[in-house]
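If you want the building blocks of each chain, they are given just below.
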Amino acid sequence: MSDGVSVRPPTDLRAALHRSPLAIALIDLDDMRLLEANAAALRTIGLVPEDPLPGTLDEIFDPETRAASKAALEVLAADAIMAFESRRTLRSADGTPFDAHLWVRSLRSIGLHAALVIVAPYDGVDPVDLESGVPATRLDLGGAVAVGSIDLELRILSCSADIAEILGCDPETVIGETLTARVHPDDVATLLLGVGRAVADEHGAAMHVRARTADDGYAGVRLVVNPIRGTTAARLGFVMTAESAERGGDARIADLERHLWRIALEVETAGVAHGVQRVPDADTVSGIEELSPRQWEIVTRLLRGERVPDIARALFLSQSTVRNQLGAVYRKLGVHSQSELLALLRGRLDAG
Amino acid sequence: MTTHRSLHPSFGPGRPALGFEPIVTLADGDVRAHEAVITTDAPVGFGVTRGGAFEYVLGKVAAHLARQAPGAAVAFNVTLDQLLDERLPSLVGEIAERAGVEPHAFLFEIDATLAETDPSGTRSAIERLHEDAWSVTLDRIDAARSPLRTLAVLPVDMVKIDQNTVHDADRDRLEDLTAVVATARWLGIGTIATGISDLPELAAAIAHGYDLAQGPIFGEQLPTSRLRGEATGPAL
């Protein structure tokens, strides 16, 4: 992979996926195909584990909304956004359409150019227990969710096809336009303040603005902007939803934000992301090639945020054995502490 | 220990059989590893096999791992001679790599009684294995043999204490064993309670603060054909 980052999915990645009670699939964002799906996910689309996976996502998306579904994923693939949530119409293996609620999260931030998708069939019945911390399906976003990205000059870099439903315009026509030109003049200050807050806090910011429609009118929309992490270019992702007549816009956005954050929690809960290593290439740090595979494993676990006791438990080693190995790593890489080691390696990742 | 069944048909009738005993995390019940044992009349560590036989058995274990549980960790006993042999890690590494499994999936165990016959040699051997971070467990710590002194001398990664020795120990020895667990935790060494056969023993192991446990209560020793189905824990 580029950017000095390589992906080394651990051997237990598949096992973790298949242990999850949630319907989870992994999508390869390079060629837009299913990489892996657990039994619950396969069941959702009318397959059993023995069946071959669909060759392309076109086989899963309903033809009528296929363009929008693919466009959102393409925006994710371009690292323009990190996550989105939407209600889509999918097709079973026998061709039967059904509504599904999707939580989609890029795994780019942990070094994998893939998306994790949690699928909940929208049948009005919660298939899983909220008490246990797994998602309910009774969340109706009610309308289109456009996702896209902007640079720090607020120029729109990418946008999903859902924008057509919200503003009535072709996504191609908004690419290159600045958001400041797209919103009502009276709302520009709100927009700038919101984006500034998101950049300063490195956190999502929600705002209510009026956005120009295809017929030069204005429609009330809610925008959530998020700084994109794990990429070299500074940019922000945005999620735009039309204001709902039935529900307050603030409540809609709050729901959206809450559920976007919950994706991260669910990824962790499902254990799927655990073990995916984002590590520098061996030739980017002098001395790395001298590390033994065992030392490399300890280093990558440190990079994942594991502490020495955790590493010791995982590798059936005493803490002193792990610390001795780290001492050898320090000598080989010319550092003197764990913080120096992590700074060196993370510095290489960020520089990459 | 309950009856250990014949587990590997390729050994043939009348020959030793290979089996895998689950090692379970007491905190969550997940299977973390298995111990490979050879069963004749009673299970023994396969370090009792020597020379070509040892390599043969290790090759069998590696082949099973590669086929049925890639990523699984398997502990096995070695004799003192094998532990002291400088070629041990390279031999294990070669066999593992030939089978296509991660060499460090193998965890060495040395019987405490054997280790105590040559503490300095054992210490050097463990230090040598630690140069490449191999895991070494001190097996069957004996309540009657000053376990704390053993622990202080040998830089092992994990210790195993058989519940039977707890049952048989007098009050002083029991306190010694409790101290071993506490000391091990203080030293950052993992603790494994072995021979857990019923719920009171399991409760005692949890109460004493062991990290891991193994024994008949966790199911009979796994036949190799069942390893795949059971090998779904985090470490497997």
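Here the structure is a predicted model, which is why all the values come from computation and not from measurement.

(A) Structural detail: unusual backbone geometry. In this structure, Phe 316 of chain A is a non-glycine residue whose phi angle is positive, near 60 degrees. Take Phe 316 of chain A: it is sitting in the loop between helix H10 (308-315) and helix H11 (319-333). The phi angle at Ala 133 of chain B is positive, at roughly 55 degrees, despite the residue not being glycine. Secondary-structure assignment places Ala 133 of chain B in the loop between helix H5 (119-130) and strand S6 (136-139).

(B) Inspection of H11 of chain A at higher detail. Residues and elements named next belong to chain A. Taking 1.5 Å of rise per residue, 15 residues should cover 21 Å, and H11 covers 21 Å from first to last C-alpha, within 8% of that figure. Turning to H11, its buried residues are Thr 321, Val 322, Gln 325, Leu 326, Val 329 and Leu 333. Looking straight down H11, one finds its buried side chains confined to an arc of 140 degrees; they lie on one side. Residues of H11 that are exposed and angled more than 90 degrees away from the buried face: Gly 327 and Arg 331. Positive backbone phi, approximately 70 degrees, marks Gly 334, located one or two places after H11.

(C) Region of interest: the pairing of strand S7 (residues 158-162) of chain B. Residue and element names in this part refer to chain B. Counted residue by residue, S7 has five buried out of five residues, so it is predominantly covered. Side chains of S7 alternate between two faces, with Met 158, Lys 160 and Asp 162 and Val 159 and Ile 161 buried alike. In terms of strand pairing, S6 meets S7 through two bridges, oriented parallel. Looking at S7, one finds that Thr 137 is bridged to Met 158.

(D) Here's a closer look at the interface of chain B and chain A. Across the contact, 20 residues belong to chain B and 18 residues belong to chain A. Class assignment for the residues of the side of chain B that touches chain A results in eleven nonpolar, seven polar and two charged.

(E) Fine view of the packing of helix H9 (residues 293-303) of chain A against H11 of chain A. Residue and element names in this part refer to chain A. Viewed as axis vectors pointing N to C, H9 and H11 meet at an angle of 100 degrees, and their least axial separation amounts to 10 Å. Taken as axis vectors, H9 and H11 run roughly perpendicular relative to one another. Residues Arg 294, Gln 295, Ile 298 and Val 299 of H9 form the contact with H11, whose participating residues are Val 322, Gln 325, Leu 326, Ala 328 and Val 329. Split into classes, the residues belonging to the contact of H9 with H11 amount to six nonpolar, two polar and one charged.

(F) Just the environment of Gly 334 of chain A, in detail. With respect to the helices and strands, the residue Gly 334 of chain A is situated in the loop between H11 and helix H12 (338-351). By C-beta crowding, Gly 334 of chain A is classed as exposed, having 12 other C-beta atoms within 10 Å.

(G) Main features of the confidence of the model for chain A. Residues and elements named next belong to chain A. When pLDDT is averaged along chain A, the result is 73; 69% of the residues meet or exceed 70. For chain A, strand S1 (residues 5-8) is the element with the lowest average pLDDT, namely 38, and H11 is the one with the highest, namely 91. Confidence drops under pLDDT 50 across residues 1-11; counting only partners more than four residues distant or on other chains, this segment forms 28 contacts. Predicted confidence is poor over residues 264-278, with pLDDT under 50, and the contacts of this stretch with residues over four places away or in other chains come to 45 contacts.

(H) A look at the sheet that holds strand S7 (residues 145-151) of chain A. All names here are of chain A. Here five strands make up an open sheet; going across it, the order is S8-S7-S11-S10-S9 and the pairing antiparallel. Among the strands making up the open sheet, the edge pair consists of strand S8 (156-159) and strand S9 (205-212). On average, each strand axis in the sheet is inclined to that of its neighbour by 30 degrees, with strand direction left out of account. Where S7 meets S8, three bridges bridge the pair, whose relative direction is antiparallel. Residue pairing in the sheet places Ile 150 in a bridge with Ile 156 of S8.

(I) Main features of the confidence of the model for chain B. Residues and elements named next belong to chain B. Put simply, chain B has an average pLDDT of 75, and 72% of its residues get 70 or more. pLDDT under 50 marks residues 1-14. Its contacts with residues more than four places away, or in other chains, come to 27 contacts. Note that residues 223-236 has pLDDT below 50 and, in this model, 37 contacts with residues that lie over four places away or in other chains.

(J) Structural view of the pairing of strand S4 (residues 74-78) of chain B. Among the five residues of S4 of chain B, five are classified as buried, and the element is accordingly described as predominantly covered. A two-sided burial pattern is seen for S4 of chain B, the buried positions comprising Val 74, Phe 76 and Val 78 of chain B on one face and Ala 75 and Asn 77 of chain B on the other.

(K) Expanded view of the packing of H10 of chain A against H11 of chain A. Residues and elements named next belong to chain A. Following both chains from N to C, one finds H10 and H11 inclined at 110 degrees, their axes separated by 8 Å at the closest point. By the angle class used here, H10 and H11 are roughly perpendicular. Contacts between H10 and H11 involve Val 308, Pro 309, Ile 311 and Ala 312 from the first element and Gln 319, Val 322 and Arg 323 from the second. Residue composition of the contact of H10 with H11, by class: five nonpolar, one polar and one charged.

(L) Fine view of helix H3 (residues 88-99) of chain B. Residues and elements named next belong to chain B. Here H3 is twelve residues long and its end C-alpha atoms lie 17 Å apart, about the 16 Å a rise of 1.5 Å per residue gives. When H3 is considered as a whole, its buried residues turn out to be Val 92, Ile 95, Ala 96 and Ala 99. Looking down the long axis of H3, one finds its buried residues gathered within 100 degrees of arc, a one-sided arrangement. In H3, the exposed residues that point more than 90 degrees away from the buried face are Ser 90, Glu 97 and Arg 98. Gly 100 lies just past H3 and shows a positive phi near 85 degrees.

Criteria and thresholds
- Residues numbered from 1 in each chain as written.
- Chains lettered and ligands numbered in written order.
- Predicted model: local features only at pLDDT ≥ 70, side-chain atom pairs only at ≥ 80, totals over all residues.
- Helix = DSSP H or I, 4+ residues; strand = E, 2+ residues; numbered from the N terminus.
- Expected span 1.5 Å × (residues − 1).
- Buried ≥ 20, exposed ≤ 12 C-beta atoms within 10 Å, placed from the backbone.
- Arc of directions from axis to C-beta.
- Pairing = 2+ DSSP bridges.
- Contact = placed C-beta atoms within 7 Å.
- Nonpolar A, V, L, I, M, F, W, Y, C, P; charged D, E, K, R; others polar.
- Axes fitted to C-alpha atoms, helices over the stretch in contact; angles between N-to-C directions.
- Parallel < 35°, antiparallel > 145°, perpendicular 65-115°, else oblique.
- pLDDT = per-residue confidence, 0-100.

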